[in-house]
Amino acid sequence: MNPRDSLLAVVVAVLWGLNFVAIDIGLHAGGQNFPPLLFVAMRFVLVVVPWIFFVRKPDVSWKAIIGVGLFMSAGQFGLLYLAMALGMPAGLASLVLQAQVLLTVLLAAVFLGERPSRRQLAGVGLGVAGLALVAVGRSAVAPLLPLVIVLAAAVSWAAGNVIARKAKAASGLGLVVWSGAVVPFPLAALSVLVDGPGTVWQSLADLQVPTILSALYTAVFASLVGYGIWNRLLASHPSSAVVPFTLLVPVVGMSAAWLVLAEVPSPTELAGGLLLLGGVATAVLTGAGGRRQRRGSGPLPDLGAGLGEGEADDDGRLAALDVPRAGAREADVR
């Protein structure tokens, strides 16, 4: 890539890395704990409105749209926000969520018949070892439940990737916006059931400015702006040149969490995180030949980021996966 596009890719990684700190600030603004599921619903309202009135519905089935909305958006972010509300550090969350890359490789093999290369399998092995080391480090200082929930979020994201991979939407932006419409009502209703109508109403009535700014950042900058740039880059360059920049996301996320939230990972967590990133890098940096599917059509899904994912056709251009290719994937966080 030319220097300008490389700089844009770095900007996207920074936007996505800061996304986790923004979520943490919004969840705990004013010393209060904002209901996490309600917070996700707010975020997706901003992703969908008013864009759904101007963005054409993607040329895929409603089943695919609902599936992407439920797994890639509602499942991923509902679980991520819940884990962070329960105490999962923002920096560590940005790292552990990258397990979705490895999980996508495995799920694509099971449900799409896409056989991973030996290098990708080696990356999965390294990643699993890294996650185990992170779990050991967390168990020494905090309950493991938030970590397990983030891993569940990564599984949900990976499932959404596979659904989007199979759908092959021509408009990434359309898929993000229209699938995002699946999120607000179910998660808001679930928040009412889990947190109680009184808590939900009181939280909305006492909405803190940091929470509002956090929701705006995650929806506008992390999703619409971030994925708008990202998918334009994927449409202009081989994914092998663009995707590795997402390895910067947890680096930015952990650094920002250290500077803003004073989060310092333990040596064991840091070692496990480096091993996990090594596994992701091994899977992501596979050469074109290794990425090609040996049985079916097209390559295995590539790395997404804090909140989305893309894949390349045999000519190296974006085929269709996670979020907005031309505009925004709500995400999403990512």
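I will try to describe carefully the structure that is included in this document. Fair warning: this is a prediction, and the values are worked out from it, not measured in the lab.

## Side note on helix H2 (residues 36–48)
Three or four residues apart is the spacing at which side chains of an α-helix point the same way, because the helix has 3.6 residues per turn.
Part 1 of the argument: Given a rise of 1.5 Å per residue, 13 residues ought to cover 18 Å, and the 19 Å separating the end C-alpha atoms of H2 matches this to within 8%.
Part 2 of the argument: Counting buried residues in H2 gives 11 out of 13 residues, a clear majority hidden from the surface.
Part 3 of the argument: Of the positions making up H2, those classed as buried are Pro36, Leu37, Leu38, Phe39, Val40, Ala41, Met42, Arg43, Phe44, Val47 and Val48.

## Regarding the pattern of salt bridges
Part 1 of the argument: Counted by the stated rule, this structure contains 2 salt bridges.
Part 2 of the argument: Of the charged contacts, one joins Asp5 and Arg4 as a salt bridge, the two residues approaching to 3.4 Å between their closest N and O atoms.
Part 3 of the argument: Residue classification places Arg4 among the exposed residues on the basis of a relative accessible area of 55%.
Part 4 of the argument: One salt bridge in this structure joins Glu269 and Arg138, with 3.1 Å as the shortest N-O distance. On the criterion of sequence distance, the pair formed by Glu269 in helix H14 (residues 267–284) and Arg138 in helix H6 (residues 118–139) is long-range, its members being 131 residues apart.
Part 5 of the argument: You can call Glu269 buried: its relative accessible area is 4%.
Part 6 of the argument: Exposure remark for Arg138: the relative accessible area of 10% places this residue in the buried category.

## Looking at unusual backbone geometry
For residues that are not glycine, phi is negative in most cases, and the peptide bond is trans in most cases.
Part 1 of the argument: Backbone torsion omega between Val49 and Pro50 reads 5°, so that peptide bond is classified as cis.
Part 2 of the argument: Tracing the sequence through the fold places Pro50 in the loop between H2 and helix H3 (62–85).
Part 3 of the argument: Phi at Ala262 is positive, roughly 60°, even though this residue is not glycine.
Part 4 of the argument: Here Ala262 lies in the loop between helix H13 (248–261) and H14.

## Describing the packing of aromatic side chains
Part 1 of the argument: Summed over the entire model, instances satisfying the criterion amount to 5 aromatic pairs.
Part 2 of the argument: Note on Phe39 and Tyr81: the rings are 5.4 Å apart at their centroids and 70° apart in plane angle, and the pair reads as edge-to-face. Taken together, the residues span a long stretch of sequence, with Phe39 in helix H2 and Tyr81 in helix H3 at a distance of 42 residues. Each of the two residues, Phe39 as well as Tyr81, counts as buried.
Part 3 of the argument: An angle of 65° between the planes, with centres 6.1 Å apart, marks the rings of Trp62 and Trp178 as edge-to-face.

## Some remarks on a nonpolar patch on the surface
Part 1 of the argument: Taken together, Val209, Ile212, Leu213, Leu216, Val220, Phe221 and Val225 make up a surface patch of nonpolar side chains, about 560 Å² in accessible area.
Part 2 of the argument: A relative accessible area of 36% places Leu216 in the partly exposed class.

Calculation criteria
Residues numbered from 1 in each chain as written. Predicted model: local features only at pLDDT ≥ 70, side-chain atom pairs only at ≥ 80, totals over all residues. Heavy atoms only, no water. Helix = DSSP H or I, 4+ residues; strand = E, 2+ residues; numbered from the N terminus. Expected span 1.5 Å × (residues − 1). Buried < 20%, exposed > 50% of the residue type's maximum accessible area, 1.4 Å probe, protein only. Salt bridge = Lys/Arg side-chain N within 4 Å of Asp/Glu carboxyl O. Phe/Tyr/Trp six-rings, centres within 6.5 Å; stacked < 30°, edge-to-face > 60°. Patch = residues over 30% accessible without salt bridge, like charges linked within 9 Å, V, L, I, M, F, W, Y side chains within 5 Å. Areas by Shrake-Rupley, 256 points an atom, 1.4 Å probe, with all protein chains shown as cover.

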